[in-house]
Amino acid sequence: MIKFEKKAMAKITLKGNPINTSGNLPAKGSIAPGFTLVKSDLTNLSLSDVKGKKLILNIFPSLDTSTCATSVRKFNVFAAGKTDTVVLGISKDLPFAHGRFCSTEGIANVITLSGFRDTTFGKAYGVDIIDGPMAGLYARSIVIVDENGKVIYTQLVPEITQEPDYDSALAVI
């Protein structure tokens, strides 16, 4: 008989209403799970493509919400001039929406990535929202990975409508 390990779900809220994610963020000190996601030009970017750099994974539900758009704008400002750090903005938005947003907003320091082709990212990082009105999107979270591929910081934002704790995240960079 094959036994399947059941992964614990994280609980977050949307305007105070409880919802669940598919699991938990990777543990601090663990190796970041690999992924391949789609850039706004429809080419793929894999975790291995940015090996040797510090990575900020800014994961969010959709650029069509003000909180998500704000987080991308703030990380874009932070990343300006940083040669050792790459910021990845990750959602299930289509690459066309990412491209339009970046063009309109002048976002040049964040690589936006879409999970529309790859269902493994959300599961591997535990960020798939599995119930409630936002089921199928990613939970707002930050994962920071060092140059060696090790997770050095994580934050699952407990209330989807809130911004992440930028100061705590950027303090580890």
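Heads up: the structure comes first, above all this text.
Below is a summary of the structure that appears in this document. Because the structure is a prediction, the values reported are computed rather than measured. (Residues numbered from 1 in each chain as written. Predicted model: local features only at pLDDT ≥ 70, side-chain atom pairs only at ≥ 80, totals over all residues. Heavy atoms only, no water.)

1. Points about the pattern of salt bridges
Counted by the stated rule, this structure contains three salt bridges. Where Lys74 meets Glu163, a salt bridge forms, and the shortest distance between an N and an O atom there is 3.1 Å. Separated by 89 residues along the polypeptide, Lys74 in helix H1 (residues 66–79) and Glu163 in the loop between strand E9 (151–156) and helix H4 (166–171) bring together distant segments of the chain. (Salt bridge = Lys/Arg side-chain N within 4 Å of Asp/Glu carboxyl O. Helix = DSSP H or I, 4+ residues; strand = E, 2+ residues; numbered from the N terminus.)

2. Considering the nonpolar core
Nonpolar side chains tend toward joint burial in soluble globular proteins. Phe35, Leu57, Ile90, Phe121 and Tyr125 are the most contacted members of the largest nonpolar core, which totals 21 residues. Listed by contribution, the elements that provide at least two residues to this core are strand E5 (54–59), strand E6 (85–91), helix H3 (120–125) and strand E8 (141–145). The residues contacting Phe35, other than those within four sequence positions of it, are Leu45, Ser46, Leu47, Leu57, Leu88, Leu113, Asp118, Phe121 and Tyr125. The next biggest cluster of nonpolar side chains, apart from the first, holds 19 residues, and it includes Ala79, Val110, Ile144 and Tyr153. (Core = buried A, V, L, I, M, F, W, Y, C linked by side-chain atoms within 4.5 Å. Buried < 20%, exposed > 50% of the residue type's maximum accessible area, 1.4 Å probe, protein only. Contact = heavy atoms within 4.5 Å.)

3. Some words on the packing of aromatic side chains
Evaluated as defined, the whole model comprises five aromatic pairs. Measuring from centroid to centroid gives 5.4 Å for Phe75 and Tyr166, while their planes differ by 65°, and the two rings are edge-to-face. Taken together, the residues span a long stretch of sequence, with Phe75 in helix H1 and Tyr166 in helix H4 at a distance of 91 residues. As far as the burial class goes, Phe75 and Tyr166 line up, both buried. Following the ring pairs from residue to residue traces out a cluster consisting of Phe35, Phe121, Tyr125 and Tyr138. (Phe/Tyr/Trp six-rings, centres within 6.5 Å; stacked < 30°, edge-to-face > 60°.)

4. Let's talk about unusual backbone geometry
In this model, Lys15 sits at a positive phi of 55°, which is unusual for a non-glycine residue. For Lys15, the position within the fold is in the loop between strand E1 (11–14) and strand E2 (17–20). Backbone geometry at Leu42 places phi at a positive 75°, although glycine is not the residue there. One can find Leu42 in the loop between strand E3 (36–39) and strand E4 (44–46).

5. Quick word on the side chain of Thr21
Mapped onto the elements of the fold, Thr21 is located in the loop between E2 and E3. For Thr21, a relative accessible area of 0% translates into the label buried. At a separation of 2.8 Å, a polar atom in the side chain of Thr21 contacts the main-chain carbonyl oxygen of Gly23. From its side chain, Thr21 meets the backbone oxygen of Gly126 in a polar contact 3.2 Å long. Beyond its immediate sequence surroundings of up to four residues, Thr21 is in contact with Met9, Ala10, Ile12, Gly126, Asp128, Ile129, Ile130 and Ala139. (Polar contact = N/O pair within 3.5 Å; in protein donor to acceptor, adjacent residues only side chain to side chain.)

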